[in-house]
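Remarks on the overall topology
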Amino acid sequence: MKIILCEAPRKIALRQTEIPRVNDHEVLVKIEYCGICSYDLKRFLGLKKISYPVVLGHEPAGEVVKIGAKVRGLKKRDRVAVDVKERCGECPSCLRGMESRCEQAQASGGFSRYMLVPVQNVVKVSPDIDLKAVTLTEPLACIFHGYGKMKWRGIRDLLIVGDGIMGILAGFAGKMHRNKNVTLLGHHRKRLETVRSFGVAGVLSGKNPIPLSDLFDAVVLTVKEEKILADLKRFLHPGGTVLLIGEMKNGSFPFDLNMIYSNEFILIGSNGYTPEDFRDALALIEKYDPLLKSFISKVYRMEELETAFRDLQNKKILKGILRLHS
């Protein structure tokens with residue numbers, strides 16, 4: 001089978017390898033599409049401490065082609081979302097109920113024509129759902145995980161900061177799943193038009209003071225916005241929540257701790273997702289498949305991965321995915 005191997009930073013190659021043998025509790029999935037994430041880009045660029053060579057990609061979707069002898073509830077040709085994170089259940093994080101921070105789970109393997117997956121890591125999808133939209137399950141699960149950490153009592157008005165795919169998905173989930181009043185702050189007019197199409201107020205941010213006058217119950221940061229962090233009380237009601245989803249470029253910031261203390265602001269960090277988040281995200285995708293598919297800017301061939309990385313780095317696309325089979 002064909003894989004895309006990241007052999008070293010900035011060095012990828014198409015390679016052939018054997019299709020893996022299926023054990024009793026495993027499923028062999030033919031990967032049709034896999035999302036291309038900024039985390040993949042950072043590992044390709046050598047910005048993460050990882051071991052090479054590695055098969056990147058952690059947002060795959062495909063079709064079951066073989067099942068293990070003891071697998072129940074799945075059959076050949078079932079279409080599935082693949083959760084690439086194989087949690088150990090034994091590390092300190094797992095034992096504390098923090099499956100999202102499992103020390104053994106790896107976010108990799110999706111840029112491959114076939115994947116061997118434990119049966120508990122595949123979730124069946126309806127036959128009429130477009131697998132392109134299913135590739136958004138993993139990033140949407142990360143949003144669900146963050147929202148699951150918030151105490152929603154009294155929260156009606158959300159401010160989402162950032163119009164990358166995580167910001168767009170946070171706005172989508174806040175509006176369509178949580179039924180909240182959502183405002184999204186971004187820099188790209190076309191992307192703001194996208195969020196307005198599903199009832200989110202899109203506000204263009206520039207170098208001038210941010211054009212917002214109302215206070216919000218929660219601010220969701222998918223990117224670092226210093227003008228908001230420096231003066232939270234201008235944007236948040238007392239007791240409001242700040243949710244950090246996504247790694248910030250240059251994440252250091254000199255917080256005014258007394259401002260947080262005196263206004264009783266709540267700071268929450270969220271990284272990763274649980275199997276429950278993954279299933280909940282997929283259920284929402286099944287409900288809004290056509291809308292979510294519209295978030296995907298371009299489908300690339302396996303040979304075009306480096307082009308896709310350049311497009312992502314240069315902000316030419318909102319979301320790109322790989323087609324693993326012709």
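Here is a short report on the structure shown in this document. (Residues numbered from 1 in each chain as written. Predicted model: local features only at pLDDT ≥ 70, side-chain atom pairs only at ≥ 80, totals over all residues. Heavy atoms only, no water.)

**Here we look at the side chain of Asp 163**
- Position of Asp 163 relative to the elements: it lies in the loop between strand 8 (157–161) and helix 5 (165–177).
- Asp 163 has contacts with Ile 168, Leu 184, Leu 185, Gly 186, His 187, His 188, Arg 191 and Leu 318, leaving out every residue within four places of it along the chain. (Helix = DSSP H or I, 4+ residues; strand = E, 2+ residues; numbered from the N terminus. Contact = heavy atoms within 4.5 Å.)

**Focus: a positive patch on the surface**
- Together, Arg 21, Lys 66, Lys 76 and Arg 77 give the surface a local cluster of positive charge.
- Looking at the element boundaries, Lys 76 is found in the loop between strand 4 (60–67) and strand 5 (79–82). (Patch = residues over 30% accessible without salt bridge, like charges linked within 9 Å, V, L, I, M, F, W, Y side chains within 5 Å. Areas by Shrake-Rupley, 256 points an atom, 1.4 Å probe, with all protein chains shown as cover. Salt bridge = Lys/Arg side-chain N within 4 Å of Asp/Glu carboxyl O. Lys, Arg positive; Asp, Glu negative; His and termini not counted. Charge placed at Lys NZ, Arg CZ, Asp CG, Glu CD.)

**A short note on the environment of Ile 19**
- Relative to the assigned elements, Ile 19 resides in the loop between strand 2 (11–16) and strand 3 (26–36).
- Sequence-wise, Ile 19 and Lys 190 are 171 residues apart; in three dimensions their C-alpha atoms are separated by 42 Å.
- Once you skip the residues sitting within four places of it in the chain, Ile 19 turns out to touch Met 1, Leu 28 and Tyr 114.

**Quick notes on unusual backbone geometry**
- Note the cis peptide between Tyr 52 and Pro 53, where omega equals 0 degrees.
- Tracing the sequence through the fold places Pro 53 in the loop between helix 1 (38–45) and strand 4.
- With a phi angle near 55 degrees, Glu 264 is a residue other than glycine that sits in the positive phi range.
- Tracing the sequence through the fold places Glu 264 in the loop between helix 8 (257–263) and strand 13 (266–270).
- Classification of Glu 264 as exposed rests on a relative accessible area of 60%.
- Positive phi, normally seen in glycine, also occurs at Lys 315, with a value near 60 degrees.
- Mapped onto the elements, Lys 315 comes out in the loop between helix 11 (305–313) and strand 15 (320–323). (Buried < 20%, exposed > 50% of the residue type's maximum accessible area, 1.4 Å probe, protein only.)

**A few points about the pairing of strand 3**
- Counting buried residues along strand 3, ten of its eleven residues qualify, which places the element largely inside the surrounding structure.
- As judged from the five bridges shared by strand 3 and strand 6 (residues 114–118), these two strands associate in the antiparallel manner. From the neighbouring strand, Glu 26 faces strand 6, where its bridge partner is Pro 118.
- One ladder, built from seven bridges, connects strand 3 with strand 4; its direction is antiparallel. Paired with Leu 28 across the strands is Lys 66, a residue of strand 4.
- Direction of pairing for strand 3 relative to strand 15: antiparallel, over a ladder of four bridges. Across the sheet, residue Cys 34 finds its bridge partner in strand 15, namely Leu 322. (Pairing = 2+ DSSP bridges.)

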